[in-house]
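A closer look at the structure
What follows is each chain in one-letter form.
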Amino acid sequence: MVAGLREASARDVDRARSSDSDACMIQISQRVTGLKPSATIGVDARVKALRASGVEVISFGAGEPDFDTPANIRDAAIEGLNTGKTHYTLVEGEPAARKAIAEKLKRENGIACGPEHIVISAGAKHSLYLALQCLLDPGKGQEVIVPTPAWVSYRPMVELAGGSVVELGTKIEDAFKVTAAQVERAISAKTAAIILNSPSNPTGMVYSKRELTAIADVLAKHEHVVIVTDEIYEKLIFSGEKAFSIGSIRELAERTVTVNGMSKAFAMTGWRLGYACATGNGGGFAKAMTKLQGQMTSNVTSFCYPAIVEALSERSAEAVETMRKQFAKRAELIFGIVSGWKDVKCAKPMGAFYVFPDVSAHFGKVTPGGRKVESAKSFAEALLEEEKVAVVPGEDFGKCAEGCVRLSFACSEKNIEEGCGRIGKFVAGLK
Ligand code: PMP
Ligand code: GLU
């Protein structure tokens, strides 16, 4: 120790835990102080904290399957761990896993790609982050078109990369879908990219091939626009539509970045495995993403690569289909209940595991517990306080989503019946 400096003591630990510590403050960057925390993660963390303190909460907050990862996929990782896959690998991922992903994309999605176009990252979230960092520069005035309601993380990711978001608002009456004409009107010389997400978080909407092709026709005319398509819920469709990948359209293929991952289809959220496929710039875009990842996180956990190969193989198809059927059943159940809530509008979920009812007819009313409901946020807050039911308020999903709340039905039918019953009672009691 240098003379005059002291070693930390147990008392210092207590001091460090207290928010009114008088130690000198670290100046946190504006980039981060100005950043909104994720609303979806916020609700989930709140539920976890309440449960840890002994409060029983029914949660429609978490955007993650409640199932365990199928056994064959878990076994593949265990074998990887036991056979020495514990070292650094290529940043973009082991060749066998990238080959399995490229083959899946060719076979199932019609995307003409090879392993050299695949970058495996710590979740689709990081894939999207990398893609946007590789597309945008601060100070250039670049815009990214985002049809809304949209997942809460798109806006912060675009803004962190220096771009600005142009929201394309949609209506519940139109099943929350944008039209090709809307996209056409939004495109300008400043447009760098558009983010598409079907099936959608938070609305559960799924575009048909015809609708996506109409949007593609517009995008084909604007060669400066990159398409970032988030297909993470592609396996979870209940409406009879078939997932359609815009990256399979030859005219758009090289300026499309297709993002997907293991989290939702295979119940692997905690594994943190996602990937991007970018064929653009003769493989140069994938290389740029790899370079950036090489300065951020390096490769994903190396014994997980065999689990990716296993998940994408025929051997896992049955387990995926079983989960999809369960979600489909829950979608019917929850839609039936939510549709019966007093003065609440709801579009039928077609995919993913979300319903997104509009509760705005109740704004301005008072709860049985005397709380004023003025917004989706105060609705969700009062609901949690008074009925111990968690939903995600709509505000951070976009301007047009401010009257809505998101319910994830990745939970048991019993919880759906009990929790939605409580919400129905809560809504009926608003005066
Ligand atoms: N996109 C959407 C639309 C999502 O809902 C999620 C869920 N968090 C992700 C991407 C990211 O998923 P993950 O990082 O777990 O792969
Ligand atoms: N995608 C999930 C959700 O929307 C998980 C949390 C998150 O990353 O946003 O709830």
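This text follows the structure it describes.
Described below are features of the structure shown in this document. (Residues numbered from 1 in each chain as written. Chains lettered and ligands numbered in written order. Predicted model: local features only at pLDDT ≥ 70, side-chain atom pairs only at ≥ 80, totals over all residues. Heavy atoms only, no water.)

1. Digging into the site of ligand 2
Here is the rule: If a single non-hydrogen atom of a residue is within 4 Å of a molecule or strand, that residue counts as near it. Polar contact is the term for a pair of N or O atoms within 3.5 Å; when the atoms are in protein, one must be able to donate a hydrogen and the other to accept it, and sequence-neighboring residues count only if both atoms are side-chain atoms. Computed by Shrake-Rupley with a 1.4 Å probe, the accessible areas treat only the displayed protein chains as cover when residues are assessed. For this classification, the nonpolar set comprises Ala, Val, Leu, Ile, Met, Phe, Trp, Tyr, Cys and Pro, the charged set comprises Asp, Glu, Lys and Arg, and every other residue, Gly included, is treated as polar.
Taken together, the neighbourhood of ligand 2 is formed by Thr40, Gly63, Lys125, Trp151, Asn201, Lys264, Tyr354 and Arg406. Between an oxygen atom of ligand 2 and a side-chain N or O atom of tryptophan 151, the distance comes to 2.9 Å. Take asparagine 201: an N or O atom from its side chain is 2.9 Å from an oxygen atom of ligand 2. Computed on the free molecule, ligand 2 has an accessible area of 280 Å², of which 83% lies beneath the protein chains in the complex. Here the residues of the shell around ligand 2 sort into 2 nonpolar, 3 polar and 3 charged.

2. As for the packing of helix α6 (residues 123-135) against helix α11 (residues 284-294)
What counts is decided by this rule: Helix axes are fitted only over the stretch in contact, all axes being lines through C-alpha atoms; the angle between N-to-C directions runs from 0 to 180 degrees. Here a strand is any run of E in DSSP of at least two residues, a helix any run of H or I of at least four, and the numbering for each starts at the N terminus. Orientation categories follow fixed angle ranges, with anything under 35 degrees roughly parallel, anything over 145 roughly antiparallel, 65 to 115 roughly perpendicular, and all other angles oblique. What makes two residues a contact is simply this: any of their non-hydrogen atoms within 4.5 Å.
Interhelical geometry of α6 versus α11 gives an angle of 110° and a closest axis separation of 9 Å. Considering the angle they form, α6 stands roughly perpendicular to α11. Counting all contacts with α6, which are made through His126, Ser127, Leu130, Ala131, Gln133, Cys134 and Leu135, the residues of α11 involved are Phe285, Ala288, Met289, Leu292 and Gln293. A breakdown of the residues in the contact of α6 with α11 according to their chemical character gives 8 nonpolar, 4 polar and no charged.

3. A few points about the packing of aromatic side chains
Each aromatic ring pair is specified by the distance between its two centres and by the angle formed by the two planes. Worth spelling out the cut-off: For Phe, Tyr and Trp, where Trp contributes only its six-membered ring, two rings pair if their centres lie within 6.5 Å, and the inter-plane angle classes them as stacked under 30 degrees, edge-to-face over 60, or tilted in between.
Applying the stated criterion to the full structure yields 10 aromatic pairs. Ring plane angle 85° and centroid distance 5.4 Å describe the contact between tyrosine 233 and phenylalanine 353, whose orientation is recorded as edge-to-face. On the criterion of sequence distance, the pair formed by tyrosine 233 in the loop between β6 (226-230) and α10 (250-253) and phenylalanine 353 in the loop between α13 (317-339) and β9 (354-355) is long-range, its members being 120 residues apart. Taking the centre distance of 5.6 Å and the plane angle of 80° together, the rings of tyrosine 233 and tyrosine 354 count as edge-to-face.

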